[in-house]
Amino acid sequence: MTNKPIDIVVIGAGIIGVSTALELQARGRTPLLIDRKGIAAETSRGNAGAFAFSEVEPLATPGIMRRAPMWLLDPLGPLSIPPAYALKIAPWMLKFWRASWADRYDQAVTAQTSLMHHCKAAFERQLSRFGDANMVRRDGQLELYEGTRAFEQAKPKWQRRADLGIDITLLTDPDAIADIQPGLSRTFTHAGFTPGWFNTTDPQKWTESLARQYTDRGGLFETVEVRDLTPRSDHMEIKTNQGVLLAKQVVICAGAWSHRLAKKIGDSIPLETERGYNTTFAHSSVDLKTHLTFAQHGFVMSKIGGGLRIGGAVELGGLDLPPNYRRAEILVQKAKSFMPDLDVSDGTQWMGYRPSLPDSLPVISPSSAGYRVIYAFGHGHLGLTQSAGTAELVADLAGGSEPSVDLAPFSATRF
Ligand SMILES: Cc1cc2nc3c(=O)[nH]c(=O)nc-3n(C[C@H](O)[C@H](O)[C@H](O)COP(=O)(O)OP(=O)(O)OC[C@H]3O[C@@H](n4cnc5c(N)ncnc54)[C@H](O)[C@@H]3O)c2cc1C
């Protein structure tokens, strides 16, 4: 530990923090990246690996609060709240309900669309400068529906995407679906196919490879835990489990734990976690041609390395309750019934903490301590997708240049 202020400390080495450190370094800054556990040790390790630039709809859709009680009655359904957490999450649910009002929903879609537009371009820039093209699959995504009713309900979403210029194909018979992905149950009668959707071959390795680019260029990384943050007259004081760091600027990219650090400098941000589950199989018994989304069942199936990953679910259960891996088992059972040739022996289960704001938009914003502390967290289901774009925006904020996206909808004070 040193008494000379560090140029800029980036807290959290998930995909957001790693991308941010790399971008800052590329712009001539001298960051110190820190994490209490290591690179990609939490949520960025086990996600589904999708760069889902077409996913612009927030979770809080109009009418969701009418449908939610039905889901919540099923403790293993796609959306659940463990009884032990029901009271604690009530204030967040209230904000979530407000976010589902038609006008706010439309505002969130508009904001997310502009961010995604930027993120897609930023991803290509990141890939060409630092990424490994062999770690990106451009296989598209197939979103499946059972029956006309479910498809009709989803159609406004597809229409909106078409209106936004996103290339989509709608399929209305099982044979057309089988042409893209053989082996699926014929109960899936309808689907939407998005060819411009990509996946990384492995989100953990992707994050690690970006971190290597950073350290190979002389970037510093330390495994320390931040305990406290205090603004001083011309720098920030960062108390860690290994001593005190001084920094001219700090970026908080601590995923689902970020609000605890924001609180230390007086900002109360309604960050919750949507816990998600998955099971990873080292080998795949089916030839997965594309990323599959089982929309009505709240889970996806993606190729990871030479195997596959089955995961999803939203459990509003906070950071401290133990995982309920029965949720992961249910998703695997469903997947097996939808793809009978699937061999589901020997999977590894995992739970991750999606960092989520009630309106499904991240916080990319200066803090109440001004530009000395910049926030970059709360990317929910889309942290991998939005990582390169977020990194560029944070570097703009930190360097005092005008961000290319209107960041008002992503402000820390919007709630
Ligand atoms: C099941 C599931 C599937 C998903 N699929 C996708 C997908 O396909 N595509 C997509 O774009 N997104 C997906 N996501 C979401 C994505 O994984 C997250 O949005 C993203 O990983 C968040 O990244 P992050 O860097 O903000 O947080 P994290 O990866 O959680 O990193 C935060 C880091 O901060 C560190 N930290 C916390 N507190 C401190 C402290 N006090 N001191 C030091 N370090 C600290 C932690 O150790 C951690 O390493 C999925 C999530 C889940 C759960």
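As a starting point, this report considers the structure included with it.

Thresholds, definitions, all that
Residues numbered from 1 in each chain as written. Predicted model: local features only at pLDDT ≥ 70, side-chain atom pairs only at ≥ 80, totals over all residues. Heavy atoms only, no water. Helix = DSSP H or I, 4+ residues; strand = E, 2+ residues; numbered from the N terminus. Buried < 20%, exposed > 50% of the residue type's maximum accessible area, 1.4 Å probe, protein only. Contact = heavy atoms within 4.5 Å. Near = heavy atom within 4 Å. Polar contact = N/O pair within 3.5 Å; in protein donor to acceptor, adjacent residues only side chain to side chain. Areas by Shrake-Rupley, 256 points an atom, 1.4 Å probe, with all protein chains shown as cover. Phe/Tyr/Trp six-rings, centres within 6.5 Å; stacked < 30°, edge-to-face > 60°. Lys NZ or Arg CZ within 6 Å of the ring centre and 35° of its normal. 1 Å grid on protein atoms, 1.4 Å probe; cavity = no way out; pocket = protein on both sides within 12 Å on 5 of 7 lines; lining within 4 Å. Points joined across faces, edges and corners; volume = space filled by probe spheres on them. Nonpolar A, V, L, I, M, F, W, Y, C, P; charged D, E, K, R; others polar.

1. A word on the environment of G276
Then, in step 1: Note on placement: G276 falls in strand β14 (residues 272-281).
Then, in step 2: Looking at G276, the relative accessible area reads 6%, which means it is buried.
Then, in step 3: Leave out the neighbours within four places in its chain, and G276 touches G312, A313, W350, M351, G352 and R354.

2. Digging into the site of the ligand
Then, in step 1: Looking at the ligand, there are 32 residues lining it, with D35, S44, A50, G380 and T385 nearest.
Then, in step 2: Residue T43 places a side-chain N or O atom 3.0 Å away from an oxygen atom belonging to the ligand.
Then, in step 3: Within the contact set of the ligand, an oxygen atom lies 3.3 Å away from a backbone nitrogen or oxygen of G49.
Then, in step 4: Protein burial of the ligand: of its 1000 Å² of free accessible surface, 97% is covered by the chains.
Then, in step 5: Going through the elements one at a time, α1 (15-26), α2 (43-46) and β18 (347-356) are the ones with two or more residues in the shell around the ligand.

3. Some points on the packing of aromatic side chains
Then, in step 1: Tallied over the full model, the rule gives 18 aromatic pairs.
Then, in step 2: Measuring from ring centre to ring centre gives 6.3 Å for F51 and F53, while their planes differ by 20°; the resulting arrangement is stacked. Like F53, F51 is buried.
Then, in step 3: Geometrically, the ring pair formed by F51 and F123 is tilted, given 4.4 Å between the ring centres and 40° between the ring planes. Placement of F51 in strand β3 (residues 50-51) and of F123 in helix α5 (residues 102-129) is noted, with a sequence separation of 72 residues between them.
Then, in step 4: Of the residues examined, F123 reaches a relative accessible area of 1% and is grouped as buried.
Then, in step 5: Among the aromatic side chains, those forming a connected cluster through ring pairs are F51, F53, F123, F198 and W206.
Then, in step 6: In this structure, R138 packs its charged tip against the face of F198, placed 4.3 Å from the ring centre.

4. Examining the layout of surface pockets
Then, in step 1: When its volume is computed, the second largest pocket comes out at roughly 480 Å³.
Then, in step 2: Lining the second largest pocket are 22 residues, and of these Y85, K88, H259, L271 and E272 sit closest to its centre.
Then, in step 3: Contributing elements (two or more residues each) for the lining of the second largest pocket: α4 (86-99), α9 (258-264) and β14.
Then, in step 4: By residue number, the principal contributor to the lining of the second largest pocket is α4, which donates 5 residues.
Then, in step 5: Counted by class, the lining of the second largest pocket contains 11 nonpolar, 4 polar and 7 charged residues.

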